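# An overview of the molecular structure
The residues making up each chain are set out below.
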Amino acid sequence: MTDSKYFTTTKKGEIFELKAELNSDKKEKKKEAVKKVIASMTVGKDVSALFPDVVNCMQTDNLELKKLVYLYLMNYAKSQPDMAIMAVNTFVKDCEDPNPLIRALAVRTMGCIRVDKITEYLCEPLRKCLKDEDPYVRKTAAVCVAKLHDINAQLVEDQGFLDTLKDLISDSNPMVVANAVAALSEIAESHPSSNLLDLNPQSINKLLTALNECTEWGQIFILDCLANYTPKDDREAQSICERVTPRLSHANSAVVLSAVKVLMKFMEMLSKDLDYYGTLLKKLAPPLVTLLSAEPELQYVALRNINLIVQKRPEILKHEMKVFFVKYNDPIYVKLEKLDIMIRLASQANIAQVLAELKEYATEVDVDFVRKAVRAIGRCAIKVEQSAERCVSTLLDLIQTKVNYVVQEAIVVIKDIFRKYPNKYESVIATLCENLDSLDEPEARAAMIWIVGEYAERIDNADELLESFLEGFHDESTQVQLQLLTGIVKLFLKKPTETQELVQQVLSLATQDSDNPDLRDRGYIYWRLLSTDPVAAKEVVLAEKPLISEETDLIEPTLLDELICYIGTLASVYHKPPSAFVEGGRGVVHKSLPPRTASSESAESPETAPAGAPPGEQPDVIPAQGDLLGDLLNLDLGPPVSSPPLTTSSVQMGAVDLLGGGLDSLMGDEPEGIGGTNFVAPPTAAVPASLGAPIGSGLSDLFDLTSGVGTLSGSYVAPKAVWLPAMKAKGLEISGTFTRQVGSISMDLQLTNKALQVMTDFAIQFNRNSFGLAPAAPLQVHAPLSPNQTVEISLPLSTVGSVMKMEPLNNLQVAVKNNIDVFYFSTLYPLHILFVEDGKMDRQMFLATWKDIPNENEAQFQIRDCPLNAEAATSKLQSSNIFTVAKRNVEGQDMLYQSLKLTNGIWVLAELRVQPGNPSCTLSLKCRAPEVSQHVYQAYETILKN
């Protein structure tokens, strides 16, 4: 017979009848009555009036009846606290019952009764149960401590339950250990400051032993606890990894993800040269692949976690591309996630497969999926240069299908491809222009306008095309209006005579008829530039764009490191740290990966960004659509940092002269306007005085910082090296080196013409870089460079350019233009050119700062074959702005304490140990941005050995 009969009744005076039945002498009748009470309680009827009668039924040996009474008690104890005290005696008695199930039941119920008055009476029974001989009772009691702590934390601490819990970690029964760990973790989360889980190698060993014999949830608790432990060295990390690896083959996906989290975290500490590191990478792939054969919801969670893992260590799954190919019956959310991972794993080796697959997806019926597939083709082109041509032809095939949304997505990604590979695929512009009328989405319209404006000189009817957009200017979205404004100004600068009316029209639409402040401001900036200094306008608006990089949506490295610590939790699905979505932030602790050990630091491969990068430094990311205009209001017109004070005109120069004087010759000498047309100043707001100054005024003497100083013995200068071989630059060979003298940095270049034609119109530009290095003056090559002629130039540099973290940190990407073409190369600058002259700290400050910087930021290096004594080392280093703050001798070793400061204000503190007669010395570096340490060490080595 089913239990449904307890839920159906038509009698009146139900409570009265139940009361009589509860007080019956017959056990069966009592049991039936309690079941009816629970049934009424379940459907939401108030049966609290029966509290004393139900509590009387507790005195029974029948386990089923006891469970029912306890269930009732948990529900109503809060509303009847005075009555609940009546039950305390029974709890105390049940905790000493010979049957372990009853003892455990009593303890479990005690934890669930959240009544302050009762808690202190429960301490004695709980203490006995924590030391019970039966493991089932002990494991239940362990969880009860966490519940009690939530009600009254002070009581639990005073009663010494936390110490008892810590002792349970050494229990012989694995389930008890797991519950003790779970309880302690729960308590530690709500009290981050208390060091409850004080893990050490001995307790870790016990946890690992228990791990093999626990239930699956027990294993998850233990693995999550292990993930919060930081091993003391790489050997301990490796031994933990070896013992956790078998969990990867567990049937429960939560256990697998928890194990992956522990391994991903501890791999940080392993050197990449170890054989074991390679083995571990191979072992991590199969379990992740297996997760993808589960049901779609689990697949989605697995894919979100894999997305993080692939960003951190792409090598784990680089051979597993095929498992991420989309199946026809995958739900859309799984398809989109798989697509994302396919692009992350795309490489030269598998690009053919990936492109074939993506082309197939682009003909699917699901619109969202098709759009993402078309974008993916574009991202592949940007990521794998060798595939760019195939990607472009694939996109053109898709445009020929004339499916509206496919065409629009294709145009958006082709714009990005043009920015990555300038002057390579512009032949497709004609095809794009044919589809102009079908564009109705703002992003596609904006992309098309950008292409027309950027390549106006190659499109005969560019003015007509842009004019067609202008007709409905006020109905367009802001994104399109901004692009149209910039596009028409570009067109005017390229074809001044034909488009004057058009540009006047767009400027008045943007300034006088628009109420959007962004549009108005940009309109006024262009208007003022064009009316006061057309040369400057050309150099601002038509400046060379920095190349975009491959990854559009990389997670910022510090956030990625934090999310890796939350694999298998909601944070890894949202790709947000818990603090972003946990209400009130209670118990949210910021986690980060363990610091790399010294041995693994040297093996750090350039692909992985250093952990703990300062927040402002991110990998090069394609800007969001709104930024693609190169926000002109964001020009750095503020005062330069740590460089000689410059006059207004030079600040102006640094801000707008992005291509040096290299474009002046294209303009012709027309100071009043372009192409003989005069611009009327904008009607409102006067032009700032500084903008009126001619761009070139007084620059020759301004930047001649070394004149009249005489060459001082500055910091060490490396011999010139060939940066751009003639074969790669149509006959132009560039060699160079970097110098720092009297506070100014220069790039000393040697240009050699190995071609058969004369070279003129030189200009230079740097991509954004880690320390904001930028040319402080145009590249001055005064006479044309004849064949076989060599010219030496010193180009002054400033450090007030745009900043973006590079990989490696001291990488500088340079573009050089001449009358033949634009050439790109990259070089590594030695960090010591950035050591400033005021880098000497006073002793007290040095001591305080050394203590203040955390120990994990300290890095140690050996400088071999350097037989210098302390005095020689000090003077050598001082000439490169590394200052000795103090010196002492300890057991025959000279200890030099040194400080240096970088141009961006980062201080580095050093301790150099020199042993007379020993050719090696030891360097310890401490810095708040630990990723500079490796480069500072290289600078030390270079200076001391040369």
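Just above sits the structure.
Below: a short report on this structure. (Residues numbered from 1 in each chain as written. Predicted model: local features only at pLDDT ≥ 70, side-chain atom pairs only at ≥ 80, totals over all residues. Heavy atoms only, no water.)

## Some thoughts on the environment of proline 594
Tracing the backbone shows proline 594 in the loop between α32 (570–574) and α33 (598–602). A relative accessible area of 4% means that proline 594 is categorised as buried. With 326 residues separating them along the chain, proline 594 and glutamate 268 place their C-alpha atoms 6.6 Å apart. Residues within four places of proline 594 in sequence aside, it is in contact with Thr230, Lys265, Glu268 and Met269. (Helix = DSSP H or I, 4+ residues; strand = E, 2+ residues; numbered from the N terminus. Buried < 20%, exposed > 50% of the residue type's maximum accessible area, 1.4 Å probe, protein only. Contact = heavy atoms within 4.5 Å.)

## Concerning the nonpolar core
Counting residues in each nonpolar core, the largest one holds 214 residues, and the members touching the most others are Tyr72, Phe91, Val244 and Phe418. Of the residues forming this core, the biggest block, ten residues, is contributed by helix α16 (residues 253–267). What phenylalanine 91 contacts, discounting residues up to four positions off in sequence, is Met58, Tyr70, Leu73, Ala106, Thr109, Met110, Ile113 and Leu122. Grouped together as the second largest cluster of nonpolar side chains are 62 residues, Phe766, Leu779, Leu809 and Ile943 included. (Core = buried A, V, L, I, M, F, W, Y, C linked by side-chain atoms within 4.5 Å.)

## Examining the sheet that holds strand β7 (residues 811–817)
Overall, antiparallel pairing links the three strands, which are arranged β4-β7-β8 in an open sheet. Here the strands that pair on one side only, and so sit at the sheet edges, are β4 (763–766) and β8 (822–828). Within the sheet, the average angular offset between the axes of one strand and its neighbour, ignoring direction, is 25°. Relative to β7, β4 is paired through four bridges, and the arrangement is antiparallel. (Pairing = 2+ DSSP bridges. Axes fitted to C-alpha atoms, helices over the stretch in contact; angles between N-to-C directions.)

## Regarding the sheet that holds strand β11 (residues 893–901)
Strand order in the open sheet made by the five strands is β9-β13-β12-β11-β10, with antiparallel pairing throughout. What marks the edges here is a single partner per strand, and that holds for β9 (858–863) and β10 (883–890). Neighbouring strand axes in the sheet, compared pairwise and without regard to direction, differ in orientation by 20° on average. Alignment of β11 against strand β12 (residues 907–914), held across eight bridges, turns out to be antiparallel. Bridge pairing in β12 links lysine 901 to tryptophan 907. Strands β9, β10, β11, β12 and β13 (921–927) of the sheet are contacted by helix α38 (residues 843–852), whose axis makes an angle of about 95° with β12. In the packing of helix α40 (residues 933–945) onto the sheet, the strands contacted are β9, β11, β12 and β13, and the crossing angle to β9 comes to about 25°.

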